[in-house]
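Residue-level structural notes
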Amino acid sequence: MNQLKKILEPENVAGIISGLINGIILIVIAMALSGLIFTGPLEMFLPQGIGILLFGFLAYSIFSIFSASHPININTPQDIPIAIIALIAASVMTTTGKSWDAEMSFQFIFVTIALTSVLVGIFFLIMGSLRLGKLVRFIPYPVVGGFLAGTGWLIIKFAFAMTAGVELSISNLTFLLDQSNFVRWFPGLLFGLLLLIGSLYTSHYLLVPGVITAGIVLFYVLMTFNGYSFLELQDKGYLLGPFPDGGLFQGSPIKYLNNFKWSVFIDQLPSIGTMMFLNAISLLFNYSGLELIIKKDLDLDRELKVTGCGNIIAGIFGAPPGHLALGSSSLAHSIGAKNRLSTIIVAIMCGSTLFFGSKVLIIFPKIILGGLLFNLGLSFLMEWVVNTWNRVSKGDYVVIILILTVIGTIGFLEGVLAGLMASVIMFVVNYSKVQSIKYTLTGKNFHSNVERSEKMKNIIERSGNQILILPLQGYLFFGSANRLIDYIKRFLETDEGRELKYLIFDLRQITGTDSSAINSFNKLKILATIHNFRVLFCDIRTQTYSKFESEGLFENNKSNPFMNFEDLDYGMEWCEEMIIKSEKHSSNEQKSDSMIFERQFPNLLPYLDKLELDKNHKIIEEGSDPKGLYFIKSGKVTIELDSQDGKRIRLKSSGAGTIVGEVSLYLNKNATASVVTDEKCEVYHLSVKSFEKLKLEASDEATKLHTYVIKLLSDRLTKTNNTIQALMK
């Protein structure tokens, strides 16, 4: 009684029901998929083919029971590799295999199926071991779509070959439309269409078994009404069979290896290799779908390794390649199955049919089996030709149709290669349209972190249009590099371009360059020489620098317009220094700057301490009390941060006529950065004690100092705002 209650628990009942439904569907699919391979010259071996497929469903089900990472994980042979094996079989049978006898042909295909599974298994194992599960997803989406659309077309051609006895082609059109042949294939096509239309309106799990049952009943009703007996239907080839006595299990194909045509098999390796990649994509797509259904992340590398082991074991006994069946797994989940009972029921049903129930399959009409093939092929075309029209760009859609057309007219492998080439060309064209210039700045709205006196700022401001800053992004290749040079050429023709003296490239976000891009920069070098401007490369990566250097772009001579700087800040500083020197303002201005503070605050001097400091003297240390404010009378200092790796990060530099330490003084906080002298400096120091004394004894002077500091901070804020506005354009 307790055992019965346990069996009747909701999750067990759901597992039994989903297992029975999946079992029926998978047995029918085994017959349909075997019809893909064992058609034409191999049609007499269709029963053996059904046995091979049924064993595959049994083997993968048993393997899933013991190895699946999630209870609702049903593995089965897959349509993509079987379609490619069918293509291999058709190719071999119309070429080398023409001279083989029937038994030799069957043995070759049987061993090919097994070897393909073993190779797929090894490929999956290698991918999983190298943790390459996510890399397969980089194959272009339209190539996958075009392949699947082409697969659908091939399946439809096989369906015609199975039902009408000839392939679908223009030369066979008259034969196919003959009344006696029309009735052989058209009902199957109609059945497949009706099943497809039904699936568009409902996803109920009883749809497929219900339509199949109704189709079989209708077939026998119509045939009985037209006076056909069961034996006559068998004799005229309307039914499956005849089946061999006993079960359908064919044993291991290892016994056929001695006479195997290895040279013929090796010729098929390109198709098998393509199938490996596409099968891996299918596997990963299915597991991604399962993750969404069960709302749980799965280890894709682990699944690749486990599935690889399953394919190797199944292949040794002759099963075709297989992996997770998302449809069967999602059906079991939707019914409410939560344990492995559903997979166990599937294994029992497939095993019973394989070993004991082959005679029951005789009642299955070939029209229904052909209809299932038509439905499978039409489903592929519906998904990847019709539904993708609004899902992908028109360029990607053209690639899908191109692959479908080439597969249908020339060949499978040629179609995939054509699609890959078209995708690469489209990628290059589209990527070359991506703007490599992130934004544009000039010396008017972007400055170095060197703080200068008011007069120096005015000089730089007046000549700011002499500097053009182009931060670049992405990967520079011939397409994007040519667009960059074209942009510079157009800029040089403008009024602002005629003022250009310094062109700065910020390469922080450039991931790399190819050789053709280097050639474009050679053209820029000529352009810079003709128009008399310098080109500064800032923050260039080591690999890119090596390419530039090997091409002689950074050769050390005065006529070379190309220069290399550590980062944008140092590059901007050099340009600003060149502008100041060009104004012939340097010597007199430095002397004037050193006297600014004395002239502006003569009454403040008694409160200041004059210091003479050597190079590399740390005036203020990060994290410590700066002990007041410092006015730079002469020389230059750098405000910097100390990084964890010991590298100094320059925030800004300050020259004569500027102050440091004002923020800490007014906020009464420790210094957030260090201040180090770059050269011998003279500074005035206003200590905290003197600052307090100043506020008490000379409030007017203190107010003038406050106003000076406020103006200084306002200038810095204005500079920042101008840069932000330029970046937002």
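Residues numbered from 1 in each chain as written. Predicted model: local features only at pLDDT ≥ 70, side-chain atom pairs only at ≥ 80, totals over all residues. Heavy atoms only, no water.

**Quick look at the overall build of the chain**
- The secondary structure content of the chain amounts to 29 helices and 16 strands.
- A compact globule built from 729 residues would reach a C-alpha radius of gyration of about 27 Å, whereas the chain, at 39 Å, exceeds it by more than 25%.
- In terms of its C-alpha atoms, the chain occupies a principal-axis envelope of roughly 125 × 70 × 50 Å.
- Expressed as a percentage of its 729 residues, the buried residues of the chain come to 52%.
- Taking all contacts inside the chain whose residues are at least 6 apart in sequence as the whole, residues at least 24 apart take part in 81%.
- Accessible area of the chain: about 34500 Å², with a carbon and sulfur share of 60%.
- Here the chain holds 64 positive side-chain charges and 62 negative ones, and the gap between their average locations is 1 Å. (Helix = DSSP H or I, 4+ residues; strand = E, 2+ residues; numbered from the N terminus. Rg over C-alpha atoms; globule rule 2.2 N^0.38 Å. Buried < 20%, exposed > 50% of the residue type's maximum accessible area, 1.4 Å probe, protein only. Contact = heavy atoms within 4.5 Å. Areas by Shrake-Rupley, 256 points an atom, 1.4 Å probe, with all protein chains shown as cover. Lys, Arg positive; Asp, Glu negative; His and termini not counted. Charge placed at Lys NZ, Arg CZ, Asp CG, Glu CD.)

**Quick word on the pairing of strand E15 (residues 674–677)**
- Burial of E15 is two-sided: the residues Ser674 and Val676 facing one way and the residues Val675 and Thr677 facing the other way are all buried.
- Where strand E10 (residues 618–620) and E15 come together, 2 bridges link them in antiparallel fashion. In the sheet register, Lys618 faces E15, and the bridge partner there is Val676.
- In this structure, strand E12 (residues 637–642) lies alongside E15, joined through 4 bridges in antiparallel fashion. By the bridge assignment for E15, Ile639 is matched with Val675. (Pairing = 2+ DSSP bridges.)

**Focus on unusual backbone geometry**
- The phi torsion at Asn616 lies on the positive side, around 70°, for a residue other than glycine.
- Inspection of the secondary structure assignment puts Asn616 in the loop between strand E9 (609–613) and E10.
- At Lys627, a residue that is not glycine, the phi angle is positive and equals roughly 60°.
- Of note, Lys627 is situated in the loop between E10 and strand E11 (629–634).

**A few points about the pattern of salt bridges**
- Applying the stated criterion across every chain yields a total of 11 salt bridges.
- Across the pair Arg302 and Glu303 runs a salt bridge, and its minimum N-O distance is 3.6 Å.
- By relative accessible area, Arg302 is classed as partly exposed at 30%.
- The class for Glu303 is buried, based on a relative accessible area of 2%.
- Each of Lys610, Lys633 and Glu682 takes part in one network of salt bridges that share partners. (Salt bridge = Lys/Arg side-chain N within 4 Å of Asp/Glu carboxyl O.)

**Here's the deal with the packing of helix H6 (residues 141–164) against helix H16 (residues 366–386)**
- Two elements in contact, H6 and H16, have axes whose closest approach is 8 Å; the angle formed by their N-to-C orientations is 160°. By the angle between their directions, the pair H6 and H16 is classed as roughly antiparallel. Regarding H6 and H16, the two cross each other, and that crossing is left-handed. Between H6, through Tyr141, Gly145, Leu148, Ala149, Gly152, Trp153, Ile155, Ile156, Ala159, Phe160, Met162 and Thr163, and H16, the contact on the second element is made entirely by Lys366, Leu369, Gly370, Leu373, Phe374, Leu376, Gly377, Leu378, Phe380, Leu381, Trp384 and Val385.
- Per-class residue counts for the contact of H6 with H16 are 18 nonpolar, 5 polar and 1 charged. (Axes fitted to C-alpha atoms, helices over the stretch in contact; angles between N-to-C directions. Parallel < 35°, antiparallel > 145°, perpendicular 65-115°, else oblique. Left-handed = near helix turned anticlockwise from the far one by under 90°. Nonpolar A, V, L, I, M, F, W, Y, C, P; charged D, E, K, R; others polar.)

**Focus: a nonpolar patch on the surface**
- A cluster of nonpolar side chains, namely Phe249, Ile254, Leu257, Trp262, Ile266, Leu269, Ile313, Ile316, Phe317, Phe355 and Phe356, defines an oily patch on the protein surface of about 1000 Å² accessible area.
- Residue Leu257 is classed as partly exposed on the basis of its relative accessible area, which comes to 30%. (Patch = residues over 30% accessible without salt bridge, like charges linked within 9 Å, V, L, I, M, F, W, Y side chains within 5 Å.)

**Quick word on the side chain of Gln268**
- Along the polypeptide, Gln268 turns up in the loop between helix H11 (262–267) and helix H12 (269–294).
- Other than its neighbours up to four places away in sequence, Gln268 contacts Ile88 and Val92.

**A few points about the side chain of Ser653**
- By the element assignment, Ser653 lies in strand E13 (residues 648–654).
- The exposure class assigned to Ser653 is buried, which follows from its relative accessible area of 0%.
- Side chain to side chain, Ser653 and Thr638 meet in a polar contact 3.4 Å long.
- If we skip the residues at most four places from it in the chain, Ser653 touches Asn449, Val450, Glu451, Lys636, Val637, Thr638 and Asp678. (Polar contact = N/O pair within 3.5 Å; in protein donor to acceptor, adjacent residues only side chain to side chain.)

**With respect to the sheet that holds strand E14 (residues 659–660)**
- Pairing is antiparallel across the open sheet formed by 4 strands, whose spatial order is E9-E16-E11-E14. Bordering the open sheet on either side are E9 and E14, each of which pairs with just one other strand.

**Some words on the nonpolar core**
- Membership of the largest hydrophobic core comes to 117 residues, with the highest contact counts inside it found for Ile37, Phe38 and Phe364.
- Of all the elements, H6 adds the most residues to this core, at 13 residues.
- The residues contacting Phe364, other than those within four sequence positions of it, are Val28, Met31, Ile212, Ile216, Leu239, Leu240, Leu369 and Leu372.
- Judged by nonpolar contacts, the second largest core, of 30 residues, contains Leu472, Leu484, Leu507 and Val535. (Core = buried A, V, L, I, M, F, W, Y, C linked by side-chain atoms within 4.5 Å.)

**Looking at the confidence of the model for the chain**
- Here the chain averages 83 in pLDDT, while 91% of its residues score no lower than 70.
- Ranking the helices and strands of the chain by mean pLDDT puts helix H5 (residues 102–129) first, with 94, and helix H25 (residues 586–594) last, with 50.
- Confidence drops under pLDDT 50 across residues 585–590; counting only partners more than four residues distant or on other chains, this segment forms 7 contacts. (pLDDT = per-residue confidence, 0-100.)

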